[in-house]
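# Overview (structure and organization)
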Amino acid sequence: MNPVLLSAQTASDAPLTGIAAWAVSVMETLGGFGAALLIGLENLFPPLPSEVILPLAGFTASQGSLGLIEVIAWCTGGSVVAPGCSTASARCSAASAPAPS
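Cut-off values and rules
- Residues numbered from 1 in each chain as written.
- Predicted model: local features only at pLDDT ≥ 70, side-chain atom pairs only at ≥ 80, totals over all residues.
- Heavy atoms only, no water.
- Helix = DSSP H or I, 4+ residues; strand = E, 2+ residues; numbered from the N terminus.
- Buried < 20%, exposed > 50% of the residue type's maximum accessible area, 1.4 Å probe, protein only.
- Contact = heavy atoms within 4.5 Å.
- Expected span 1.5 Å × (residues − 1).
- Arc of directions from axis to C-beta.
- Core = buried A, V, L, I, M, F, W, Y, C linked by side-chain atoms within 4.5 Å.

Following the sequence through the fold, Thr60 ends up in helix α4 (residues 50-62). Classification of Thr60 by relative accessible area gives buried; the value is 1%. With sequence-adjacent residues up to four places away left out, Thr60 is seen in contact with Val24, Met27, Glu28, Ser65 and Leu66.

See the structure below:
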């Protein structure tokens, strides 16, 4: 048997661990909102890579937990809303800061 095919078969059967397992768990539990939440967190907290979140959102959709269009819409919404919330929060805190004397 070809070693490349053998390793590909073994890799696809391996269970998810770490951030990948956590991300799939969040998306399966919260649905589309979970995908939006993860993408929003990725925008606010860069060490959470979208390179992990987005393929796993597609993986979750392929498992039947979510629809593909639903995942695309929720992820797009999360990537648009989170930076807006961050900017609004920064403006509010800057406006409420005491004026320099």
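For the rest of this paragraph, the subject is α4. Spanning 13 residues, α4 covers 18 Å between terminal C-alpha atoms, matching the ideal 18 Å at 1.5 Å per step. Here α4 has its buried residues at Ser50, Ile53, Leu56, Ala57, Thr60 and Ala61. End-on view of α4: buried residues confined to an arc of 145°, all on one side of the axis. Exposed residues lying more than 90 degrees from the buried face of α4 are Glu51 and Ser62. Once α4 finishes, Gly64 follows within two positions and takes phi at roughly 95°, a positive value.

With 16 residues, the main nonpolar core has Ala23, Met27, Leu38, Ile53, Leu56, Val71 and Cys75 as its most contacted residues. Every element with two or more residues in this core is listed here: α2 (18-30), α3 (32-44), α4 and α5 (68-96). Looking at this core element by element, the count peaks at five residues for α2. With near-sequence residues (within four places) excluded, Leu38 lies in contact with Trp22, Ala23, Val26, Met27, Leu48 and Ile53.

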